[in-house]
Each structure stands twice: as structure tokens, then as C-alpha cells.
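Residues per chain, in single letters:
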Amino acid sequence: MATGGGSVVVPRNFRLLEELERGEKGIGDGTVSYGMDDSDDIFMRSWTGTIIGPHNSVHEGRIYQLKLFCDKDYPDKPPTVRFYSRINMTCVNQDNGMVEPRHFSLLANWKREYTMEKILTELKREMASSHNKKLPQPPEGSTFPSS
């Protein structure tokens, strides 16, 4: 425990259990959600996220699936984030669907208190940004190749 008014560092698994509980309860308006891929994964590494595209954009009404991978150093370092659903966004590698940290400031400037929920809500906000909301999109239902 920290002293002198510092904060307590929550262990990785406790943090992920909190995120799992929050993800299962549903978030905000229901347009972003996430949960574990495999309930038997005791290390809680592999997660699936869903974003329903924002209104007034080319993404409106589309459902995007993502994979988030929380390695052993999460939450000190960000998870890797990869779109399964094909999407055209400035921060997404068009060959493999990876969200590129150098083009997505939340990952580039990661802080321990950030969460998977924050990643998903920021990606949704990014979809609605002026440089992404009108980009031509691939056919609905198309996916990036499996890695």
C-alpha cells in the first residue's frame, strides 16, 4: 500500500474482474460492450468488444466486432486492439485490422487508469470524427483476415 496520500495499485486480476463485471452489466447507452472470449482463461487475456456505429456517420447502424488482448503487463501497458469487422478508419491498419497506437492517442498515451471500456468509447468517438465519419466503408459483414 502506498503511503503519504498515494494511490493503491490494484492487482491485474482484480482490475480485470472489475472490468468483466462492468462489461457484463452493460455500458451507457448500449452501443459499446465487451466481455471475455473464454471464461476458462484464468489469465483473462482475450476479450471481444462490440461497437455500434455512431449516428450521422457512414458507420451508423453497423456493428463492429473487435478483439482486445490484455497481456501480463496490462493495465500498465495497453491491450492490443484489432478490428475483426472490416472498417476504414485512419487509426486502423487496413491489412490486418490492428488499431495503431501512433494513430490512436489513447493507446499512444496510455495511462494505467484507462480501461477497455474507454478504448471502445474512444474508438466510437473516433468513428464520428470529421476525418473518419465520411470515409467510404467496405461492404457490411466483411472481415479482416485472421492473424
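Cut-offs and rules
Residues numbered from 1 in each chain as written. Predicted model: local features only at pLDDT ≥ 70, side-chain atom pairs only at ≥ 80, totals over all residues. Heavy atoms only, no water. Phe/Tyr/Trp six-rings, centres within 6.5 Å; stacked < 30°, edge-to-face > 60°. Helix = DSSP H or I, 4+ residues; strand = E, 2+ residues; numbered from the N terminus. Buried < 20%, exposed > 50% of the residue type's maximum accessible area, 1.4 Å probe, protein only. Expected span 1.5 Å × (residues − 1). Arc of directions from axis to C-beta. Contact = heavy atoms within 4.5 Å.

Colleague: Help me get a handle on the packing of aromatic side chains, residues and values and all.
Modeller: In total, this model carries four aromatic pairs according to the counting rule given. Ring centres of Y64 and F83 lie 6.3 Å apart, and the angle between their planes is 85°; on these two criteria the pair is classed as edge-to-face. Of this pair, Y64 sits in strand 3 (residues 63–69) while F83 sits in strand 4 (residues 80–83); the two residues are 19 residues apart in sequence, bridging distant segments of the chain. The residues Y64 and F83 share a single accessibility class, namely buried. Pairing W110 with Y114 gives two aromatic rings, centres 5.5 Å apart and planes at 85°, and the pair type is edge-to-face.

Colleague: Could you give me a rundown of helix 1 (residues 12–25), with the residues and numbers involved?
Modeller: Since the α-helix turns once every 3.6 residues, residues separated by three or four places project in the same direction. In this model helix 1 runs 20 Å from its N-terminal to its C-terminal C-alpha over 14 residues, within 8% of the 20 Å that 1.5 Å per residue would give. Those residues of helix 1 lying buried are R12, R15, L16, E19, L20 and G23. Buried residues along helix 1 cover an arc of 140° about the axis, so they all sit on one side. Exposed residues pointing more than 90 degrees away from the buried face of helix 1 are listed as F14, E24 and K25. Summarising the contacts, the buried residues of helix 1 are in contact with strand 1 (32–36), strand 2 (46–52) and helix 3 (116–127). Just beyond helix 1, the residue with positive phi is G26, at close to 95°.

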